[in-house]
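Structural overview
Chain by chain, the residues run as shown.
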Protein chains: 2
Amino acid sequence: MLSKTAEYALRATIYIAQKGTEDNKLGIDEVAEGIDSPKSFTAKILQLLTQNDRVVSSVRGRNGGFYLTDRARKLPVRAILEAVEEEEVITKCVLGLKECSETRPCPMHLQYKAIKKQLKQLFEKTSIQQLVEESNKGNLFINNQKAPKKRS
Amino acid sequence: MLSKTAEYALRATIYIAQKGTEDNKLGIDEVAEGIDSPKSFTAKILQLLTQNDRVVSSVRGRNGGFYLTDRARKLPVRAILEAVEEEEVITKCVLGLKECSETRPCPMHLQYKAIKKQLKQLFEKTSIQQLVEESNKGNLFINNQKAPKKRS
DNA sequence: TTATAAAAGGATAAATTTGTCCTTAATTAT
DNA sequence: ATAATTAAGGACAAATTTATCCTTTTATAA
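Quantities reported herein were computed from a predicted structural model and do not represent experimental measurements.

The rules behind each value
- Residues numbered from 1 in each chain as written.
- Chains lettered and ligands numbered in written order.
- Predicted model: local features only at pLDDT ≥ 70, side-chain atom pairs only at ≥ 80, totals over all residues.
- Heavy atoms only, no water.
- Contact = heavy atoms within 4.5 Å.
- Buried area = accessible area lost by both parts, 1.4 Å probe.
- Salt bridge = Lys/Arg side-chain N within 4 Å of Asp/Glu carboxyl O.
- Polar contact = N/O pair within 3.5 Å; in protein donor to acceptor, adjacent residues only side chain to side chain.
- Helix = DSSP H or I, 4+ residues; strand = E, 2+ residues; numbered from the N terminus.
- Axes fitted to C-alpha atoms, helices over the stretch in contact; angles between N-to-C directions.
- Parallel < 35°, antiparallel > 145°, perpendicular 65-115°, else oblique.
- Nonpolar A, V, L, I, M, F, W, Y, C, P; charged D, E, K, R; others polar.
- Near = heavy atom within 4 Å.

With that settled, the discussion passes to the interface of chain B and chain A. Across the contact, 39 residues belong to chain B and 39 residues belong to chain A. Here chain B and chain A share an interface that buries about 3900 Å² over both sides, 60% of which is from carbon and sulfur atoms. By the criterion of area lost to chain A, the three top residues of chain B are Met-1, Arg-104 and Pro-107 of chain B, representing 19% of everything that side buries. Salt-bridge contacts for Glu-7 of chain A lead to Lys-92 of chain B; the nearest nitrogen and oxygen are separated by 2.9 Å. On the surface where chain B and chain A come into contact, there are 16 residue pairs in polar contact (both at pLDDT 80 or more). Those elements giving two or more residues to the side of chain B that touches chain A turn out to be helix H1 (4-19), helix H6 (109-125) and helix H7 (128-137) of chain B.

Structure below.
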């Protein structure tokens, strides 16, 4: 469905939104641990998300790290996918045809259309903040460990 | 969404189902042309589909080629995905978590659940035959060319 | 003002997916 | 039988994605 890049981008952003604020920034080590992802690769992906503070904000140096502004928290999940250029899922033809469209549909176009629409809505109508809120009230997980990893 | 492998598998199977019968088998050249796919790679993928006549049937030698039996035509689209081991889309977590489940949901689990269910239904309730029928009545396409390619 | 801590960035490597080519095996027309 | 035709299969190559490592830049604490 999504590439590893997109998966890590989503997980990292949600994690940072959950635990990070402007005066409690998260380091890349904590983020990668928190979401069970390869550290350096995640750092690379965060670079995409932090360009022009697009989705994630960051500062270097001591006490630096990653966090989300209030503006960013209101962004739709789609903004994360945009940042990593992974919007294909909600734009492409299921069969991979370049020319597939309403006027030139593939054999699955009609059936798939409805699903694509819902996917689109999921990504556009859901804000990062909403996911964080849900995580806060429910008992939701964003990594593969049963219990939070111990700090060493 | 789907890998190239899965896309070609779907296109090829639908194309063969449309144009091929036991006594009018299609050669790999025609299939690849018909669906705009790389020939050798498509041949490889068809090998997966023809194992034990799983989805596509084939015979070698003169007048050989690919076709679908009546039994195969009744198979759900999912059978094609199974043959190329591409069922992840309808089983995996959107965020790529190994442990994501009803009892241990990720932050998008609830919203995504409904979509996954529909995708699953699309692949399970739609038979290859149905897609062929639709293609026959409507003006549907399975390649990128406006008009069918000329035979040389 | 210097040392330290952090992200940014570049180069490279590993793994996977996608794609090609050539040989082999099977079928059938001649 | 033999030659021609076709899919099957194996080895390899190219491209892309995923991942790592090292250096540079930036910020701040001491």
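Alright, that's what it looks like, and here's the rest.
Here the focus is the packing of helix H2 (residues 28-35) of chain A against helix H3 (residues 39-50) of chain A. Residue and element names in this part refer to chain A. Interhelical geometry of H2 versus H3 gives an angle of 110° and a closest axis separation of 9 Å. Classified by the angle between their axes, H2 and H3 sit roughly perpendicular to one another. Where H2 abuts H3, its residues Ile-28, Asp-29, Val-31, Ala-32 and Ile-35 lie against Lys-39, Thr-42, Ala-43 and Leu-46. In terms of residue class, the contact of H2 with H3 is built from 6 nonpolar, 1 polar and 2 charged.

The next point concerns the protein's contact with DNA strand C. In the vicinity of DNA strand C there are 26 residues, among which Gly-27, Ile-28, Lys-44 and Ser-58 of chain A together with Pro-38 of chain B approach most closely. A breakdown of the atoms of DNA strand C within 4 Å of the protein gives sugar and phosphate a share of 70%. Here a base oxygen of DNA strand C sits 2.3 Å away from a polar atom, N or O, in the side chain of Lys-44 of chain A. Here a sugar or linking oxygen of DNA strand C sits 3.4 Å away from a polar atom, N or O, in the main chain of Gly-61 of chain A. Breaking the surface near DNA strand C down by element, the ones donating at least two residues are H3, strand E1 (57-59) and strand E2 (65-67) of chain A together with H1 and helix H3 (39-50) of chain B. Within the surface near DNA strand C, the residues separate by chemical class into 7 nonpolar, 12 polar and 7 charged.

Before going further, it helps to examine the packing of helix H1 (residues 4-19) of chain A against H3 of chain A. All names here are of chain A. It is at 10 Å that the axes of H1 and H3 come closest, and there the two elements cross at 75°. It follows that H1 is roughly perpendicular to H3 by the angle criterion. Contacts between H1 and H3 involve Thr-5, Tyr-8, Ala-9, Ala-12, Thr-13 and Ile-16 on the former and, on the latter, Phe-41, Thr-42, Ile-45, Leu-46 and Leu-49.

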